[in-house]
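Listed here are the chains, written in short residue letters.
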Amino acid sequence: MNSIKFNLNGQDVAVELNPSLRLLDVLRDHFHLTGTKEGCGEGECGACSVLINGRVVNSCCFPLANANGKKILTIEGLAATKRYQILKDAFHIEGGSQCGICTPGMIMAAESLLSMNPHPTDEEIRIGLSGNLCRCTGYNMIIKAVKTAAKLGEGLW
Amino acid sequence: MVRHIIPNNLNEALNFLNEGPFHIMAGGTDLMIQKRSTAGTPPKFAKDVLYIANLAELNYIKKDEAHRCIRIGAAAKLEDIYNHVDTPALLKDIIREIGSPGIRHSATLGGNIANASPAGDSLVALYLFDAEIVLLSVDGERIVPIKKFITGVRRIDLRSNELIKEIVIPIIPITAYKWYKVGGRRADSISKVSFAGVYLSNFGLVADIRFAFGSVSATVARSIELENSLKNRPIEQIIGDLPRILEEADKMISPIDDQRSNKIYRRKVAGNIMERFIKNIA
Amino acid sequence: MFDPNKSTPKIDHEEKCSGQAVYVSDITFDDILYAKTVRSTIAKGYIRAIGVPTLPRGYHIVDHRDVVKENYVKMILTDWPVFAVDRVNYIGEPILLVVGPDKRVIDEIVSAIQIDYEEETPVFDFVNSVVNKSFAKGDYSQAAKAAKRTIIETFNTGYQEQAYIEPQGMLAYLEEGGKVTLVGSMQCPYYIKNAVINTLGYPEDKVRVIQPAVGGAFGGKEEFPSTIACQLATAVVKIKRPIKMIFEREEDMLVTTKRHPSEITLEAKIDENNKVLGIKAHVSLDAGAYIGLSGVVLSRAMLAVTNAYTINNLDVSGDVYVTNTVPTGAFRGFGSPQMIFAIEMFMNHLAKDLGLDPYQFRLNHLVKQGDLTSTSGLYRDPIILKDMIGKAMAISDYQKKTEEYAKLDSFKGIGMSWFLHGCGFTGDGESAHIKAKVRIVKDEKDVVHLHIAAVDMGQGARTSLKRVVAMALGVENEQVVFDYPDTDLAPDSGPTVASRTMMIVGGLLARAAQNLKDNWKAGERQEIIENYQPPQYIKWDESKLQGDAYPAYSWGVNIVEVEVSPVTYEVELKGIWSVYDVGKAIDERIVIGQADGGITQGVAYGYLEVMRHENGKLRQKNLTDYIIPTSMDMPPMETIIMDNPFAYGPYGAKGAGELTLVGGAPAVALAIENAIKRRVNRIPATPEHIMELLNNE
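Residues numbered from 1 in each chain as written. Chains lettered and ligands numbered in written order. Predicted model: local features only at pLDDT ≥ 70, side-chain atom pairs only at ≥ 80, totals over all residues. Heavy atoms only, no water.

Draft legend 1. Expanded view of the overall build of chain A. From N to C terminus, chain A includes six helices and five strands. Put simply, chain A runs from its N terminus to its C terminus through helices and strands in the order β-β-α-β-β-β-α-α-α-α-α. The C-alpha radius of gyration of chain A comes to 15 Å, within 12% of the 15 Å expected for a compact globule of 157 residues. The principal-axis extent of the C-alpha atoms belonging to chain A is close to 45 × 30 × 25 Å. (Helix = DSSP H or I, 4+ residues; strand = E, 2+ residues; numbered from the N terminus. Rg over C-alpha atoms; globule rule 2.2 N^0.38 Å.)

Draft legend 2. Spatial organisation of the overall build of chain B. Looking only at helices and strands, chain B has twelve helices and 15 strands in total. The C-alpha radius of gyration computed for chain B amounts to 20 Å, which stays within 12% of the reference 19 Å derived for 282 residues, consistent with globular compactness. For chain B, the residues scored as buried account for 58% of the 282 residues in total. Looking at chain B alone, contacts between residues at least 24 apart form 61% of all its contacts between residues at least 6 apart. (Buried < 20%, exposed > 50% of the residue type's maximum accessible area, 1.4 Å probe, protein only. Contact = heavy atoms within 4.5 Å.)

Draft legend 3. Layout of the state of the cysteines. Residues and elements named next belong to chain A. This structure, assessed with the given rule, holds zero disulfides over all chains. Not part of a disulfide, Cys40 finds its nearest cysteine sulfur in Cys45, a span of 3.8 Å. The class for Cys40 is buried, based on a relative accessible area of 2%. Here Cys48 stays free of any disulfide, with the sulfur of Cys60 as its closest cysteine sulfur at 3.8 Å. (Disulfide = S-S within 2.5 Å.)

Draft legend 4. Structural context of the packing of helix H3 (residues 82–94) of chain A against helix H6 (residues 140–152) of chain A. Residue and element names in this part refer to chain A. Remark: H3 packs on H6, axes separated minimally by 8 Å, with the N-to-C direction vectors making an angle of 135 degrees. Judged by the angle between their axes, H3 and H6 are oblique. For the pair H3 and H6, the crossing hand works out as right-handed. Judged by residue contacts, Ile86, Leu87, Ala90, Phe91, Ile93 and Glu94 of H3 engage Met141, Ile142, Lys144, Ala145, Val146, Thr148, Ala149 and Leu152 from H6. Within the contact of H3 with H6, the residues separate by chemical class into eleven nonpolar, one polar and two charged. (Axes fitted to C-alpha atoms, helices over the stretch in contact; angles between N-to-C directions. Parallel < 35°, antiparallel > 145°, perpendicular 65-115°, else oblique. Left-handed = near helix turned anticlockwise from the far one by under 90°. Nonpolar A, V, L, I, M, F, W, Y, C, P; charged D, E, K, R; others polar.)

Draft legend 5. Just the nonpolar core, in detail. Core analysis: the largest hydrophobic core is formed by 240 residues, its most contacted members being Leu182 and Leu266 of chain C. With sequence-adjacent residues up to four places away left out, Leu182 of chain C is seen in contact with Met170, Leu171, Ala172, Ile192, Val196, Val207, Arg208, Val209, Ile210, Ala229, Leu232 and Ala233 of chain C. Listed in part, the 70 residues of the second largest apolar core include Phe45, Ala76, Val124 and Leu128 of chain B. (Core = buried A, V, L, I, M, F, W, Y, C linked by side-chain atoms within 4.5 Å.)

Draft legend 6. Up close: the pattern of salt bridges. Summed over the entire model, instances satisfying the criterion amount to 73 salt bridges over all chains. Salt-bridge contacts for Glu248 of chain C lead to Arg36 of chain B; the nearest nitrogen and oxygen are separated by 3.1 Å. Here the residue Glu248 of chain C occupies a position in the loop between strand E12 (243–246) and helix H6 (249–255), and Arg36 of chain B occupies one in the loop between helix H2 (31–34) and strand E3 (48–51), the pair thus bridging two chains. Beyond isolated ion pairs, a larger network of salt bridges with shared partners links Asp130, Asp208, Arg210, Arg222, Glu227 and Lys231 of chain B. (Salt bridge = Lys/Arg side-chain N within 4 Å of Asp/Glu carboxyl O.)

Draft legend 7. Broad picture of the interface of chain B and chain A. Taken residue by residue, the interface counts 32 residues in chain B and 33 residues in chain A. Summing both partners gives a buried area of about 2,600 Å² for chain B against chain A, and 54% of it is carried by carbon and sulfur. Remark: the boundary between chain B and chain A carries three salt bridges. The shortest N-O distance in the salt bridge between Glu44 of chain A and Arg185 of chain B comes to 2.9 Å. Remark: the boundary between chain B and chain A carries eleven residue pairs in polar contact (both at pLDDT 80 or more). Elements that contribute at least two residues to the side of chain B that touches chain A include exactly H2, helix H3 (78–83) and helix H5 (101–104) of chain B. When residues of the side of chain B that touches chain A are assigned to their parent elements, the largest contribution, four residues, is made by H5 of chain B. (Buried area = accessible area lost by both parts, 1.4 Å probe. Polar contact = N/O pair within 3.5 Å; in protein donor to acceptor, adjacent residues only side chain to side chain.)

Draft legend 8. Spatial organisation of unusual backbone geometry. A cis amide bond links Gly20 of chain B with the next residue in sequence, Pro21 of chain B, at an omega value of -5 degrees. Position of Pro21 of chain B among the secondary structure elements: in the loop between helix H1 (10–18) and strand E2 (22–25). The linkage connecting Ile683 of chain C with the following residue, Pro684 of chain C, adopts the cis geometry, with an omega of 0 degrees. Within the secondary structure layout, Pro684 of chain C lies in the loop between strand E28 (682–683) and helix H18 (687–696). Positive phi outside glycine occurs at Asp397 of chain C, with the angle close to 60 degrees. Mapped onto the secondary structure, Asp397 of chain C falls in the loop between helix H10 (385–396) and helix H11 (398–405). By relative accessible area, Asp397 of chain C is classed as partly exposed at 38%. Phi is positive for Ala498 of chain C, close to 60 degrees, though the residue is something other than glycine. With respect to the helices, strands and loops of the structure, Ala498 of chain C is situated in the loop between strand E19 (480–481) and helix H14 (501–518).

Draft legend 9. Local environment of the sheet that holds strand E13 (residues 262–270) of chain C. Residue and element names in this part refer to chain C. Read across the sheet, six strands follow the order E7-E15-E14-E13-E8-E28 without closing on themselves; strand pairing throughout is mixed. The open sheet has two edge strands, strand E7 (129–137) and E28, and neither has a second partner. Sheet topology places strand E8 (residues 149–157) next to E28; two bridges connect them, and they run parallel. Counterpart to Asn156 in the pairing with E28 is Arg682. The sheet strands contacting helix H7 (residues 294–303) are E7, strand E14 (276–288) and strand E15 (313–322), and the helix crosses E7 at an angle near 25 degrees. (Pairing = 2+ DSSP bridges.)

Draft legend 10. Structural detail: the domain arrangement of chain B. All names here are of chain B. Structurally, chain B comprises domain 1 (4–170) and domain 2 (176–279). Distance from the C-alpha centre of domain 1 to the C-alpha centre of domain 2: 26 Å. Each partner contributes residues to the interface: domain 1 has 20 residues there, and domain 2 has 25 residues. Both sides of the domain 1 and domain 2 interface together cover about 1,800 Å² of buried area, and 62% of this is carbon and sulfur. (Domains from an automatic or database assignment.)

Draft legend 11. Representation of the packing of aromatic side chains in the model. Following the criterion strictly, the structure yields 23 aromatic pairs over all chains and no others. Centre to centre, the rings of Phe224 of chain C and Phe247 of chain C are 6.1 Å apart; their planes meet at 65 degrees, and the pair counts as edge-to-face. With Phe224 of chain C in helix H5 (residues 224–239) and Phe247 of chain C in the loop between E12 and H6, the pair connects residues that are 23 residues apart, well separated along the chain. Using a relative accessible area of 5% as the deciding quantity, one classes Phe224 of chain C as buried. Site record: aromatic cluster; members linked through ring pairs are Tyr180, Phe195, Tyr199, Phe211, Phe213 and Phe277 of chain B. One Lys or Arg, Arg87 of chain C, reaches over the ring of Tyr46 of chain C and ends 4.7 Å from the middle of that ring. (Phe/Tyr/Trp six-rings, centres within 6.5 Å; stacked < 30°, edge-to-face > 60°. Lys NZ or Arg CZ within 6 Å of the ring centre and 35° of its normal.)

Draft legend 12. Local environment of the side chain of Thr375 of chain C. All names here are of chain C. Mapped onto the elements of the fold, Thr375 is located in the loop between helix H9 (358–363) and H10. The class for Thr375 is buried, based on a relative accessible area of 1%. Looking at Thr375, its side chain comes within polar contact range of the main-chain oxygen of Gly547, at 2.7 Å.

Draft legend 13. The pairing of strand E27 (residues 637–641) of chain C, seen in detail. Residue and element names in this part refer to chain C. Among the five residues in E27, four count as buried, and that is most of the element. Bridging between strand E24 (residues 571–581) and E27 involves five bridges; their strand directions are parallel. Residue pairing across strands places Ser578 opposite Thr639, the latter belonging to E27.

Draft legend 14. Molecular detail of the packing of helix H13 (residues 461–473) of chain C against H14 of chain C. Residue and element names in this part refer to chain C. Interaxial distance between H13 and H14 falls to 8 Å at its minimum, and their mutual angle equals 30 degrees. Between H13 and H14, the angle falls in the class roughly parallel. Relative to H14, the crossing made by H13 is right-handed. Residues Ala461, Ser464, Leu465, Val468, Val469, Ala472 and Leu473 of H13 lie in contact with H14, whose contacting residues are Thr501, Met502, Val505, Gly506, Leu509, Ala510, Ala513, Gln514, Leu516 and Lys517. Looking at side-chain class alone, the contact of H13 with H14 contains twelve nonpolar, four polar and one charged residues.

Structure below.
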């Protein structure tokens, strides 16, 4: 069995697991990081979003093998940061969370977007979150939340 | 027991491949879903798996001035291709509408080609530009034009000891281009019909014109014959030739009914798009 | 003074953002087993034989023979089996569970099981009516005689899938003493508890239901989770180890309940003054293989026949048909979206047929306070719909756009729907069946705990119900605790459905809190139980469907603007404007969240979301093929909540959850009509359908 090494939420880890396992399952079942959710299992809904080297990916169609040598950030890792606090506050102010199943993924996608584009337009936010389905909100409150986060977190991204 | 190989470099990968056969896994955004099993269990692979996503030798995008082309490594991510200054604008427009950011950050152009889906959007541009696929094995390189490389629905001309090394996209002079993606929604959708068209006009004369449809045939539909019949003609004449063009374009495609749309719609929309494209030549 | 409109932090916001909120799929035990369902692959037939391979040690088959007492899922009727016995009635019908510790081995066993069927010809058409209802108002035949014109139209609506992002799932385990405990994604803990009690034949105190965080429900987790619960309860009693069953998306989409496809025929009798004297209506609903809640869904569809208009003579009937397809069931709106689509389109079409301005024509029929409802109940409370319409038209620039888009080749359109939604259960549901009860307990530290079965599935019930109690007590929010429902602690306050949670449960809580406040003894434990009392004015005859069908009505106006591509026929939403009267919004931000999400589902129902079956097999079985809107599909929205406090609701609140969905489809369909100058009688109005409409005339 190959040993696969990566950095998970700031810690170097090595696992000896089937390399074809979905990163999603490795995070949830092996590392018990259940903030990453499974909504569809086929890269449509984004509930399983994590950051690989700072960019959002769907961990449900990301094989563990491809994590080798990467920096992986899950919502649990992001939650320890100032940026997360800003995003969380902005989601609160704008009412961006309802049932919550898409919320960690939304926040990961927002983090990915803001880290590449700290001052996105509404349209850019819509594109940035277009891989994260939400059935509760109709998206507008989430779009506003990302916009508000960009303002409140000026200079952080 | 299926083996999983994560090669350290390209040579190692080729040596493993030589002992093939392997499933070659790039970003995984198609293959992981096609082979998926119950949540929490590994995907079901019938063959050994070779992981190439992290091979640095396959991850590049560069302009080759000497050969007037762009060379894109098979493992280059769609998002990187989109962001690259030398990527043709048409291809950028196409990539921007493939999947979502989460998909584009791991999906590769090589994977999109190897997957050979009739609805593969990037393929439409590659057909249009007469892209070439550079295949690599321990025996050396083999270069195959895209339209030869893709032999049918999810069928490609890849030998068991080969992998896709790079995609060569010729740079051609263009006056204007048009891309239509008709999907179920405005993001994150599989095309019902797609169309790419380019032309080069000089002083009212069309010097070059190319167009291709996706999702309405087993593979991308392009007719060199029809294109040639329009070259070196005045724009007004081409527009005047619209009824024949539409009739011929209609023969290019053979759409089907499926869970996403139906053939009547696909045929009608393909015709509408073609009409709009021709009428807008200037 | 506490302001009910004021928004407070959602009590689960932090845990939901950080991923710490626990959903059923996040819970595990060391000795957990997994279950997978073996399902019918045919639409109708007999099971001749089931071939099961030799099971490895530790693996089990659970089927109808293991059911302790009743092999039906208790809802209203007894027709829905827990496990198929010897016949199957739809593709996907559960036959047995394979249970064991390793999912891979379970998969192998499932694929080795062979079922020998004797197939029969399935029925997919509206031929087997199993529920028939009718009611009348005034005298339709008299109206017919007085009329100068008769206009008839038929409307069709398709399936809609709830598409909550968290698939269905449940976990069952035995507690000390053999108590069966179920933890799962649900809306109605007591529906589950009662269904499990019925299937196991257990006493009340030997079944416990606990709700963890729920990742969206929209009606889809109203009655369906009871089926999973009965299966898992049967399994856990047999195997005596914790068992977890989480649906994958495809299984969820193929076998869980959906919105009923419908066909609605409306016939209007119109007099020489262009007044609609009477409407004759017939509603057909496709229940799928089992009736489930379909009879109640039919009632709500029929009762909504006049929507926000007053029509004095009605002849309304409806049938529920069973077909060999997946059972349909509860979905936000519950029959009302189908009818409101039909009647809104019909009223506009009538105006056009009569050569009148649709806005003025509809206004001439608008409901007023003191009018009689479709079932000759009374609209007792003030109705501010006319002001709401004016407001919505002003903020959307409706009049100007309507004129501008009337140009033949504009391919732009704007549409407006007016609608009502009856709050709470239909008819005597609350008093005859639900009999809701709430319990609040103040501990020695003067912290007040809410013990109710109301589920927060994202709509914010935990936050807003807590707020109601805090306001009534005059204490800070922090002094009130509302944990996830657990039937061992919470009495049956009723299901979390029918836009009843704030009005009914919130009302009971407000009364309980007032009671506590009046008798407050600092430092002492106190417990208050409050039972539902129907308002005295309510008179309802269930057998004739006559009287006050609902204690109150919420009202809404939706305006949707679209642009249709003449090349691809795709619809682009350009703007959405809404005005609602929900009595009083308790926590306005939460209500606007409901409004935004509701109309998104309603509009998507009208133009986007396609689900069809082919010979009983659903063709859209995942989120790739069943298209719901992304952030790119939704336009900016403007929502205004207008105050119109309801005398009997807590702080004036009425229902809000479903109201916001029911007007979306007609608004977008009317906008599409306006853009393409063709009538839309069928939803979803997909690009494929729009092409047909444009080609056909």
